[in-house]
Amino acid sequence: MELRANSEGERSYTQILKSTALIGGSSVVTVLFSVIRNKAMALLLGPAGVGLIGLYSSVADIAYAIAGLGIQASGVRQIAEAVGTGDTERVARTATVLRRTSVVLGLLGALLLAVLAHPIATFTFGDPHYASGILLLSAAILFRLVADGQTALIQGMRDIRTLARINVFAAFFSTVISIPLIYFLGTAGIAVSLVAVAAASLVTCWWYGRKMRIATRSTSALRVRWEASALLKLGFVFMISGFLTLGAAYAIRIIVLRAEGITAAGLYQAAWTLGGLYASFILQAMGTDFYPRLTAVANDDTECNRLVNEQAQISMLLAGPGLIATLTAAPLVIGLLYSPEFYGAVELLRWICLGMILRIISWPMGFIVLAKGAKGAFFWTEVAATTVHVGLAWLLVGVFGSVGAGAAFFGLYVWHSILIYVIVRRLSGFRWSYENRRLGLVFLPASVLVFAAVTLLPLWPATVIGLLMTMLTGAHSLRVLTELVPLPATIRAWFSRAP
């Protein structure tokens, strides 16, 4: 019995590593393209131009979240549930309704953003002349939502390899399209590039989505209405969540812009982008493969809690050393990936890295709420998180300047990690495993020590401490990973063709 449990545990860890390898491997390529793109934007536009990119992107993201009504996320959940029961008819029905609804919502969202372009530009930039850029973004909303209808099916069926390819092509097109446009058009090319990139992403998603062999069956109007209603009811909660999260990001950029100007907004954008680069390897894999897998066993609390603990363990082992290294080498990272003009973002980046460490620890727990479809808990958790994040930013930016925005992100995840643990304790009886508690006692003190060193000590002593902690935590992570999944299984995880 113990041997069987160990075998099942090894298979589960191997699956986590496999999905992380596929999505993380594509993320390596994505990050490389992102580095090239960010460097080019920094050199061509400077901090002020990067600030404009962040503001335009925030407007587009909020419009996308509202128009989409969360059906991409709810579609993934519905398809994953159907796949778990083997109900191919339901998979086909959900996919058909999802694709059609995405087109309708995309058209409505584009129209709404176009109508509101003038007041949005005035509120965001304090200048109605930016309305033409907002008007262009309406096309990006349509393209992104139509693409969602394709990717939700792929993700719900856990075709991780295809999703990895889509991610790589999206990063490639984003780079080769945006850099020439910005080079020739300057800041006027920012909105144009966002639209062109969304169009290229749609073409990529359509190309791969059409290869999914889903049998189409005639469905009664009643069943279509029922399926659409199920998607929209759950999707509405996801939409509120997305709106609150993206709305908070938008509000914080506005707070920084109002307090210290467009250059400070650019520094915040740069720090935010870099802080999420390494964490994105883990978080993207978690949302892509772990969420559908957890949804399939959401009614089994024991299995659900086991998967969450295993995902959290692998996530900490993979992400912890990299984030500690970023804390240590923040000035070098910013100088290499942006330019010396962005050195003012160093302290911001360090606070965001601290928050990312807590984010990686708490995210697997949050998926319990999603997998169980606990709409009320999910909604109020998101409302509270947005209130805390924006409130802290408003307070801390007023006292410490733009650095306060980074500290607010860290404060958010201190609070959110505690709250989400209390919620999932009640939903599934979740408890942190002994192994995860031990890991927490390794990475959290190490992170605090390095942060204190780089903040309080001269450069060289702080760097030595940071490098030492990076090497020690890296060696510990490698040792634990090889114990969890023997080397041959790890190699198979990286090179296996099946997800």
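Small disclaimer: the values here were computed from a predicted structure and weren't measured. (Residues numbered from 1 in each chain as written. Predicted model: local features only at pLDDT ≥ 70, side-chain atom pairs only at ≥ 80, totals over all residues. Heavy atoms only, no water.)

Let's talk about the overall build of the protein chain
Secondary structure summary: the protein chain contains 17 helices and 0 strands in total. With 499 residues in all, the protein chain has 56% of them scored as buried. Of the roughly 21,400 Å² of accessible surface on the protein chain, 69% is carried by carbon and sulfur atoms. (Helix = DSSP H or I, 4+ residues; strand = E, 2+ residues; numbered from the N terminus. Buried < 20%, exposed > 50% of the residue type's maximum accessible area, 1.4 Å probe, protein only. Areas by Shrake-Rupley, 256 points an atom, 1.4 Å probe, with all protein chains shown as cover.)

What to know about the confidence of the model for the protein chain
Within the protein chain, residue pLDDT values average 83, and 86% of them lie at 70 or more. Per-element confidence in the protein chain ranges from a low mean pLDDT of 50 for helix α17 (residues 487-495) to a high of 93 for helix α14 (residues 403-428). Counted against residues more than four places away or in other chains, residues 1-9, with its pLDDT under 50, gives 3 contacts. Confidence drops under a pLDDT of 50 for residues 493-499, and excluding neighbours within four residues, the segment shows 16 contacts in the predicted structure. (pLDDT = per-residue confidence, 0-100. Contact = heavy atoms within 4.5 Å.)

A word on the packing of helix α3 (residues 88-115) against helix α5 (residues 131-156)
It is at 8 Å that the axes of α3 and α5 come closest, and there the two elements cross at 175°. It follows that α3 is roughly antiparallel to α5 by the angle criterion. The residue inventory of the contact of α3 with α5, partitioned by class, reads 18 nonpolar, 6 polar and 2 charged. (Axes fitted to C-alpha atoms, helices over the stretch in contact; angles between N-to-C directions. Parallel < 35°, antiparallel > 145°, perpendicular 65-115°, else oblique. Nonpolar A, V, L, I, M, F, W, Y, C, P; charged D, E, K, R; others polar.)

Brief notes about the nonpolar core
Counting 100 residues, the largest nonpolar core has Leu294, Phe342, Met365 and Phe430 as its most contacted members. Excluding its chain neighbours within four sequence positions, the residues that come into contact with Leu294 are Cys304, Leu307, Val308, Phe367, Ile368 and Ala371. Counting 29 residues, the second largest nonpolar core, distinct from the first, contains Ile62, Ala121, Ile141 and Ala191. (Core = buried A, V, L, I, M, F, W, Y, C linked by side-chain atoms within 4.5 Å.)

A short note on the packing of aromatic side chains
Tallying each qualifying case throughout the model produces 21 aromatic pairs. Ring centres 5.1 Å apart and planes at 85° place the aromatic pair Tyr183 and Phe184 in the edge-to-face group. Both residues of the pair, Tyr183 and Phe184, count as exposed. On the basis of an interplanar angle of 75° and a centroid distance of 6.1 Å, the ring pair of Trp363 and Phe367 is categorised as edge-to-face. Remark: Phe367 and Trp363 occur in helix α12 (residues 346-371); sequence separation between them is 4 residues, near one turn of the helix. By relative accessible area, which is 27% here, Trp363 ends up partly exposed. (Phe/Tyr/Trp six-rings, centres within 6.5 Å; stacked < 30°, edge-to-face > 60°.)

Topic: the packing of helix α4 (residues 117-125) against α5
As a packed pair, α4 and α5 sit with axes 8 Å apart at the nearest point and diverge in direction by 120°. Accordingly, the angle class assigned to the pair α4 and α5 is oblique. Seen from above, α4 lies across α5 with right-handed handedness. The residues of α5 that touch α4, namely those facing Ala117, His118, Ile120, Ala121 and Phe125, are Ala131, Ile134 and Leu135. Each residue belonging to the contact of α4 with α5 can be placed in one class, and the counts come to 7 nonpolar, 1 polar and no charged. (Left-handed = near helix turned anticlockwise from the far one by under 90°.)

What to know about the pattern of salt bridges
Inspection of the entire model under this criterion finds 5 salt bridges. With a shortest N-O distance of 2.7 Å, Arg306 and Glu310 are connected by a salt bridge. Here the residue Arg306 and the residue Glu310 both occupy positions in helix α10 (residues 301-328), the gap between them amounting to 4 residues, near one helical turn. Notably, a salt bridge pairs Arg479 with Glu483, separated by 2.9 Å at the nearest N-O pair. Taken together, the residues Arg479 and Glu483, both in helix α16 (residues 459-484) and 4 residues apart, mark about one turn of the helix. For Glu483, a relative accessible area of 53% puts it in the exposed group. (Salt bridge = Lys/Arg side-chain N within 4 Å of Asp/Glu carboxyl O.)

Some details on the side chain of Asn436
Looking at the secondary structure, you find Asn436 in helix α15 (residues 434-456). Classification of Asn436 by relative accessible area gives buried; the value is 4%. Apart from residues lying up to four places away in sequence, Asn436 is in contact with Asn309, Ala312, Gln313 and Met316.

As for the side chain of Thr124
When you line up the elements, Thr124 lands in helix α4. With near-sequence residues (within four places) excluded, Thr124 lies in contact with Leu55, Val59, Tyr250, Ile254, Leu257 and Arg258.

So, the environment of Gly186
Along the chain, Gly186 turns up in the loop between α6 (160-185) and α7 (189-209). Spatially, the C-alpha atoms of Gly186 and Leu44 are 7.5 Å apart, while their sequence positions differ by 142 residues. If sequence neighbours within four positions are ignored, Gly186 has contacts with Leu45 and Leu181.

What to know about the environment of Phe173
Note on placement: Phe173 falls in helix α6. For Phe173, a relative accessible area of 26% translates into the label partly exposed. Setting aside residues up to four positions removed in sequence, Phe173 forms contacts with Ser178, Val197, Ala200 and Thr204.

Looking at α14
In this model, α14 (26 residues) spans 38 Å end to end at C-alpha, consistent with the 38 Å of a helix rising 1.5 Å per residue. Just beyond α14, the residue with positive phi is Gly429, at close to 70°. (Expected span 1.5 Å × (residues − 1).)

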